[in-house]
Amino acid sequence: MNVFKFGGASVSTTERVHNVAGILRRYASDTLLVVISAMGKTTNALEKVVEAFYRKDKEEALRLFEGIKESHRAAAADLGLADTSFLNDFFTEVEWLLHDNPVRDFDYYYDQVVCVGELLSTAIVSRFLNEQGVANTWLDVRDIIRTDDNFRDARIDWEYTAQRVRDTVRPLLAAPGAIVLTQGFIGATDGNESTTLGREGSDFTAAIFANLLEAEGQTIWKDVQGVMNADPKQYEGAQWIRELNYREVIEMAYYGAQVIHPKTIKPLQNKGIPLYVKSFLDPEAEGTIIHNSQVNGLPPIIVYKRSQVLVELSSRDFSFVGEGLTAELYRIFETLKFRPNLTQNGAVSFLCVVDDHAEKVDALAHHAAQYFDVQLRRNLTLLTVRHHNDELVSRLCGDSGIILKQQTPETLQVLLTQ
Ligand SMILES: Nc1ncnc2c1ncn2[C@@H]1O[C@H](COP(=O)(O)OP(=O)(O)OP(=O)(O)O)[C@@H](O)[C@H]1O
Ligand SMILES: N[C@@H](CC(=O)O)C(=O)O
């Protein structure tokens, strides 16, 4: 059996949902577990709903949610599903909550609201496929994937999830050619509260299923030919890469390449399951295979991270930034669930580069000010090049000012002024 994951872009229009049906027909003899994301940019739209709810603007939250309801009813109707009442329970689940006042923390409400994007999307696509003769069973993944209550970045309870997969999912896949269709990105606690696994987390969900079902392979269907050596939207000369090993992809994801969720590789690597990245626009094309084998002769891999902030921390009395203060700083990062993208130690200063997540940057600056003088510099770009060469790096840096540079034989990182 195989696991397929279709991202939001692959179900963002009626034609694209028809296209998914076409792809599944091509694999009619395969037994498949199919994970599908929320349609298009629905997750971003749902985030706006939670933000309005949390600032107690109930009217705005309900108005924004009404827009999401409408677009999903329209998507279902465009796909020929005349009766859209099957969506009502999902709508009610959210509206019931939006009529309340927030009394718990933001992340809890985020997960209760945002999870509906994947539920709506999969409910529509599943029903459409069944009507098109692509028989499938829809599953609420919250009955299968058990997590802790670390909302927005929930951790998997592997033991419980494995048992649910064994008892519930495996029997549904027993017949050759069977398809189970479910959501990515979401799970539930033992108290049945919805959780999410971090933005772009559907790739990870697919990998959890691939691992627990001991799949032959996992395929992620995207709007690109496969993994490229740079984001083609940011770098004109991006080249397709035929083959990569797991380690290289983990490194790419770590440095911010937004092509595969960073947690995806480990469950696959543990069972030696190959990951394929293929184009849903051109399913015949070869795509990229990611596996355990050594891959030589890779092109330079380029990752841009925009909107970076340099946080410059200096000790006030010229005392050294020793292990005590450094440990304190990392404790602050841990409390804020915030990760520095680059750090550099000096004798009396500590530099870190972080994403411009306004609330977290403010909180970091506030906490760090107990120990240091803090200075912030915004609007910077962190460029990472793996398998770098001087000619390429100087071309990529162009006229930008270099604020910070770090280099190993494999990886070079430069913080640029634009
Ligand atoms: N190294 C890279 N190789 C290929 N694509 C990349 C790379 N880095 C970034 N991308 C971007 O990834 C995009 C596809 O991923 P994206 O997450 O948008 O799609 P998705 O599969 O619909 O995901 P989602 O599950 O979040 O809905 C491409 O359009 C491309 O711009
Ligand atoms: N829908 C979620 C999860 C995913 O697509 O992987 C997101 O946009 O982040």
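Per an unreviewed UniProt entry, the protein chain carries the name Aspartokinase and comes from Flaviaesturariibacter flavus. Taken directly from UniProt, the Sequence similarities (unreviewed entry) text for the protein chain runs: "Belongs to the aspartokinase family." Of the protein chain, the UniProt comment under Catalytic activity (unreviewed entry) reads exactly: "L-aspartate + ATP = 4-phospho-L-aspartate + ADP".

### Some remarks on the nonpolar core
F209 and I290 are the most contacted members of the largest nonpolar core, which totals 96 residues. Residue contributions to this core peak at eight residues, all from helix α6 (residues 116–131). Every residue in contact with F209, bar those within four places of it in the chain, is listed here: V3, L33, V35, V141, I144, I145, V165, V169, T182 and E214. One finds V311, I332, L364 and A368 within the second-largest nonpolar core, a separate group that totals 16 residues.

### Brief notes about the sheet that holds strand β13 (residues 349–355)
Pairing is antiparallel in the open sheet, where six strands are placed in the order β12-β13-β11-β14-β16-β15. Bordering the open sheet on either side are β12 (342–345) and β15 (402–407), each of which pairs with just one other strand. Taking each pair of neighbouring strands and ignoring which way they run, the sheet shows an average axis angle of 25°. Taken strand by strand, helix α11 (residues 323–336) contacts β11 (301–315), β12, β13 and β14 (372–386), and its axis lies near 15° from that of β13.

### Notes on the site of ligand 2
In the vicinity of ligand 2, the contacting residues are S37, A38, T43, E118, F185, R199, E200, G201 and S202. Take E118: an N or O atom from its side chain is 3.1 Å from a nitrogen atom of ligand 2. Here ligand 2, which alone exposes 260 Å², has 92% of that area covered by the protein.

### So, the site of ligand 1
Neighbouring ligand 1 are 19 residues, the closest being K5, G8, E200, D231 and K233. Interatomic distance of 3.1 Å between a side-chain N/O atom of S37 and an oxygen atom of ligand 1. Bound to the protein, ligand 1 loses 88% of the 650 Å² it would expose on its own. Here the shell around ligand 1 is composed, by residue class, of eight nonpolar, five polar and six charged.

### Quick word on the packing of helix α7 (residues 158–172) against helix α8 (residues 202–212)
Packed helix pairs are specified by the crossing angle of their axes together with the interaxial distance, meaning the distance between the axes. Axis separation between α7 and α8 bottoms out at 10 Å; the angle between their running directions is 70°. Taken together, the axes of α7 and α8 are roughly perpendicular relative to one another. Contacts between α7 and α8 involve W158, T161, A162, V165, V169 and R170 from the former and I208, F209, N211 and L212 from the latter. The class makeup of the residues in the contact of α7 with α8 is seven nonpolar, two polar and one charged.

### Some details on the UniProt feature "domain: Aspartate/glutamate/uridylate kinase" (unreviewed entry) in the protein chain
The sites that carry the UniProt feature "domain: Aspartate/glutamate/uridylate kinase" (unreviewed entry) are, in the present numbering, residues 3–279. Between the C-alpha atoms that bound residues 3–279 the distance is 15 Å, and the span itself is 45% helix and 13% strand.

### Quick word on the sheet that holds strand β8 (residues 243–245)
Strand order in this open sheet of eight strands is β3-β4-β2-β1-β7-β9-β10-β8, and the pairing throughout is mixed. Sheet topology places β3 (137–139) and β8 at the edges, where each strand pairs with a single neighbour. Across the sheet, the mean angle separating the axes of adjacent strands is 20° when strand polarity is ignored. Bridge count between β3 and strand β4 (residues 179–183): three bridges; the pairing is parallel. The residue of β4 that forms the bridge with T137 is V180. In the packing of helix α1 (residues 14–26) onto the sheet, the strands contacted are β1 (2–6), β2 (32–36) and β7 (217–222), and the crossing angle to β1 comes to about 165°.

### What to know about the packing of helix α2 (residues 42–54) against helix α5 (residues 106–114)
Running from amino to carboxyl end, α2 crosses α5 at an angle of 135°, the nearest separation of the two axes being 9 Å. Taken together, the axes of α2 and α5 are oblique relative to one another. The element α2 and its partner α5 pack so that their crossing is right-handed. For the pair formed by α2 and α5, the contact residues are T43, L46, E47, V49, V50, E51, F53 and Y54 on the first element and F106, Y109, Y110, V113 and V114 on the second.

### Concerning the environment of L336
Note that L336 resides in helix α11. Residue classification places L336 among the buried residues on the basis of a relative accessible area of 17%. Taking the C-alpha atoms as reference points, L336 and G398, 62 residues apart in sequence, are found 35 Å from one another.

### Looking at the pattern of salt bridges
Summed over all chains, the structure comprises 24 salt bridges. Each of R247, E248, E251, R386 and E410 takes part in a single network of salt bridges with overlapping partners.

### Description of the environment of Q269
Mapped onto the elements of the fold, Q269 is located in helix α10 (residues 265–271). Setting aside chain neighbours within four positions, we find Q269 in contact with Y246 and N292.

Scoring rules and cut-offs
- Residues numbered from 1 in each chain as written.
- Chains lettered and ligands numbered in written order.
- Predicted model: local features only at pLDDT ≥ 70, side-chain atom pairs only at ≥ 80, totals over all residues.
- Heavy atoms only, no water.
- UniProt positions renumbered as here; feature names shortened; annotations may be inferred.
- Core = buried A, V, L, I, M, F, W, Y, C linked by side-chain atoms within 4.5 Å.
- Buried < 20%, exposed > 50% of the residue type's maximum accessible area, 1.4 Å probe, protein only.
- Helix = DSSP H or I, 4+ residues; strand = E, 2+ residues; numbered from the N terminus.
- Contact = heavy atoms within 4.5 Å.
- Pairing = 2+ DSSP bridges.
- Axes fitted to C-alpha atoms, helices over the stretch in contact; angles between N-to-C directions.
- Near = heavy atom within 4 Å.
- Polar contact = N/O pair within 3.5 Å; in protein donor to acceptor, adjacent residues only side chain to side chain.
- Areas by Shrake-Rupley, 256 points an atom, 1.4 Å probe, with all protein chains shown as cover.
- Nonpolar A, V, L, I, M, F, W, Y, C, P; charged D, E, K, R; others polar.
- Parallel < 35°, antiparallel > 145°, perpendicular 65-115°, else oblique.
- Left-handed = near helix turned anticlockwise from the far one by under 90°.
- Salt bridge = Lys/Arg side-chain N within 4 Å of Asp/Glu carboxyl O.

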